Amino acid sequence: MGMGSKAVQSQDRWAFGFLLAFLAAIYISPGEWIPGLERWRPALLTSAAATGLMLLGRMGRREPLWVDGQRGVLLITFCGLVFASLGWSLYPDATRFAAVELLKWVLVYLTLVNLVTSERRLHWVCLALVVGSIVTSHGVIAWHNAGVDMVEGYRARWIGVYADPNRMAMSVGIIVPLAVAFFVRKQSPWLLRLACGVAAAMAITAMVFSYSRGGFLGLVTAAATWVLLERRLARTLVVVAVAGAMLVLSPESFWTRTRSVSTYEADASAMSRVQAWTVASRVSLEHPLLGVGAGTFPYAWRLYGPQESRAYAAHNIFLQVISDLGFVGLGLFLAFIGSALGPLWTLARDRERGWLARAIAAAVVGHLVSCLFAGFLVAVHFYVLFGIAACAERLARASQPAPAEGSSGLTPVTPPSREDPSVWGAANTASGHISGQQR
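> Report on the overall build of the protein, specifying residues and quantitative values.
A count of helices and strands for the protein gives 17 helices and zero strands. When burial is assessed residue by residue, the protein has 54% of its 439 residues classed as buried. Long-range contacts, defined here as pairs at least 24 residues apart, represent 74% of the contacts in the protein between residues at least 6 apart. As presented, the protein carries roughly 19100 Å² of accessible surface, and 66% of it is formed by carbon and sulfur atoms.

> Describe the packing of aromatic side chains, naming the residues involved and giving the relevant values.
For the structure shown, the criterion picks out 14 aromatic pairs. A connected cluster of aromatic rings, assembled from ring pairs, spans Phe78, Tyr109, Phe318, Phe333, Phe336, Phe382, Tyr383 and Phe386. The residue whose ring lies beneath Arg121 is Phe16, and the NZ or CZ to ring-centre distance is 4.4 Å. The ring of Phe376 carries the charged tip of Arg167 above its face, separated from the ring centre by 4.4 Å.

> Any chance you could break down the packing of helix H3 (residues 42–60) against helix H5 (residues 92–115) for me, citing the residues and the numbers?
For the pair H3 and H5, the least separation of the axes is 10 Å and the interaxial angle reads 50°. With respect to H5, the element H3 is oriented oblique. Crossing geometry of H3 relative to H5 is assigned as left-handed. Contact residues: H3 offers Leu44, Ser47, Ala50, Thr51, Met54 and Arg58, while H5 offers Lys104, Leu107, Val108, Leu110, Thr111, Asn114 and Leu115. Of the residues contributing to the contact of H3 with H5, the split by class is seven nonpolar, four polar and two charged.

> So what's going on with the pattern of salt bridges? Which residues, and what values?
One pass over the full model with this rule turns up 12 salt bridges. In this structure, the salt-bridge partner of Arg61 is Glu63, at a minimum N-O distance of 3.0 Å. With respect to burial, Arg61 and Glu63 carry one shared label: buried. Measuring nitrogen to oxygen at the nearest pair gives 2.9 Å for the salt bridge that ties Asp93 to Arg96. Taken together, the residues span about one helical turn, with Asp93 and Arg96 both in helix H5 at a distance of three residues. The exposure class assigned to Arg96 is partly exposed, which follows from its relative accessible area of 42%. Connected through salt bridges with shared partners, the residues Asp68, Arg71, Glu393 and Arg397 form a single ionic network.

> Residue-level account of the nonpolar core, with values.
With 133 residues, the main nonpolar core has Phe78, Phe333, Phe382 and Val384 as its most contacted residues. The element that contributes the greatest number of residues to this core is helix H15 (residues 317–347), accounting for 15 residues. Discounting residues that sit within four places of it in the chain, Phe78 has contacts with Leu102, Val321, Leu325, Gly329, Leu332, Phe333, Leu377 and Tyr383.

> Can you explain unusual backbone geometry? Please cite residues and give values.
The phi angle at Arg41 is positive, at roughly 50°, despite the residue not being glycine. Arg41 sits in the partly exposed class, given a relative accessible area of 47%.

> If you had to explain a nonpolar patch on the surface to someone new, which residues and values would you point to?
Together, Leu55, Leu56, Met59 and Leu65 make up an exposed nonpolar region whose accessible area comes to about 350 Å². Looking at the element boundaries, Leu65 is found in the loop between H3 and helix H4 (69–84).

> Residues and numbers for the environment of Ser284, please.
For Ser284, the position within the fold is in helix H13 (residues 268–286). Taking relative accessible area as the criterion, Ser284 reaches 10% and is therefore assigned buried. For Ser284, the residues in contact, after removing those within four places along its chain, are Ile322 and Phe327. For Ser284, the side chain forms a polar contact with the main-chain oxygen of Ser281, separated by 2.7 Å.

> Please provide a residue-by-residue account of helix H12 (residues 252–259), values included.
Buried within H12 are the following residues: Phe254, Trp255, Arg257 and Thr258. Each buried residue of H12 sits inside an arc of 160° when the element is viewed along its axis, so together they form one side.

> Report on the confidence of the model for the protein, specifying residues and quantitative values.
On average, the protein scores 85 in pLDDT, and the residues at 70 or more come to 85%. Note that residues 402–439 has pLDDT below 50 and, in this model, 83 contacts with residues that lie over four places away or in other chains.

> Give a description of the state of the cysteines that names residues and reports values.
All chains considered together, the criterion is met by zero disulfides. Summary of cysteine pairing: Cys196 is not part of a disulfide, and the nearest cysteine sulfur, belonging to Cys126, is at 9.8 Å.

> Before we move on, could you go through the environment of Gly329 and cite the residues and values that matter?
Mapped onto the elements, Gly329 comes out in helix H15. A sequence separation of 38 residues divides Gly329 from Gly291, and the C-alpha atoms of the two residues are 8.4 Å apart. Once you skip the residues sitting within four places of it in the chain, Gly329 turns out to touch Phe78, Leu81 and Val321.

> How would you summarise the environment of Arg302 if you had to cite specific residues and measurements?
Secondary-structure assignment places Arg302 in helix H14 (residues 297–304). Between the alpha carbons of Arg302 and Val279 there is a distance of 9.8 Å; along the sequence they are 23 residues apart.

Calculation criteria
- Residues numbered from 1 in each chain as written.
- Predicted model: local features only at pLDDT ≥ 70, side-chain atom pairs only at ≥ 80, totals over all residues.
- Heavy atoms only, no water.
- Helix = DSSP H or I, 4+ residues; strand = E, 2+ residues; numbered from the N terminus.
- Buried < 20%, exposed > 50% of the residue type's maximum accessible area, 1.4 Å probe, protein only.
- Contact = heavy atoms within 4.5 Å.
- Areas by Shrake-Rupley, 256 points an atom, 1.4 Å probe, with all protein chains shown as cover.
- Phe/Tyr/Trp six-rings, centres within 6.5 Å; stacked < 30°, edge-to-face > 60°.
- Lys NZ or Arg CZ within 6 Å of the ring centre and 35° of its normal.
- Axes fitted to C-alpha atoms, helices over the stretch in contact; angles between N-to-C directions.
- Parallel < 35°, antiparallel > 145°, perpendicular 65-115°, else oblique.
- Left-handed = near helix turned anticlockwise from the far one by under 90°.
- Nonpolar A, V, L, I, M, F, W, Y, C, P; charged D, E, K, R; others polar.
- Salt bridge = Lys/Arg side-chain N within 4 Å of Asp/Glu carboxyl O.
- Core = buried A, V, L, I, M, F, W, Y, C linked by side-chain atoms within 4.5 Å.
- Patch = residues over 30% accessible without salt bridge, like charges linked within 9 Å, V, L, I, M, F, W, Y side chains within 5 Å.
- Polar contact = N/O pair within 3.5 Å; in protein donor to acceptor, adjacent residues only side chain to side chain.
- Arc of directions from axis to C-beta.
- pLDDT = per-residue confidence, 0-100.
- Disulfide = S-S within 2.5 Å.

Okay, structure coming up:
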């Protein structure tokens, strides 16, 4: 093997390492609380390094960039519509900001689908999120116990994007199905199972302390989805045990606020959402085709909402898309979601190899439910989660041909990686790579 091939492989490994660092950083948020790191913007730096090295590796192997087929084309087209909406935006500066942010997350999505070329790498990606979330959950729990900067006097939060309790809850809620899947899997090393169990417990605790009703509904939906897909008594008992622990250990005030969903007319927070949804509906009636421009909902409120109040978000990602980009944008957005979730649902039926797909599907469904109450169009967690779903589906599609006896079960990648397959022991014996033909 020539020196050039070794250099390309080294670039690929470094790119994947930076990708893992980025995924952990979106939860750890080191630039927000470690002095001197803010100006370096660790998340942006690591994501740029991962994307840059991935592109260099592709050029070194003389391979085109994989855009993830029809699903990727839909996402790129949606991103193009966001940029195009600068031409009719109510507030071009807000649209320009939203477009640049979305472009960054589309690049992260493409980096994921180009670098996650084996089941082992898919495991690493999920675990980077799980381990990183421990820091976020710890920050929320610590602030709650110390009574630091509570919203409405009792709702816990943390720093950066996690300063919004709802956004924090729906973000850490993503990792719960993933962590539980690794925890209950017998092939996982005991230390890994312990770490995942701790991460899941801390994430649920942080969600309880946030008092986020949307986050709680997303968690319940994710748990129900995972149980329905698993169809195993032992896994159902795990969920029942967690639900019982929540019922016993959560403060009564949490359940009081959660039950207030049934009497939302008397709840100011709930009514603010109803107002926001009404404004989004009014915008869509006057601008049904293309909306009023990405990221402009707060400015549309001045024209279509009550003047005595103001909303900063549509509190529903789908209504935000309708308001900002019309039904053209909503069609692209829904098509992208369906193209990721549909194949993932099929993959989840594989009893043996679908264990992680079932957890990813549960995380996607739960997150979408949360997005009905506090969705954010340019949230990185959304596109990372769907990128992971795309990777899982692509790996499964690559492994569809019946493998020869004694093979790994996945089509080998070209060129092969020299990564040590023993890192995760028995949990990763099914690892393999996607061939250049399937790219």
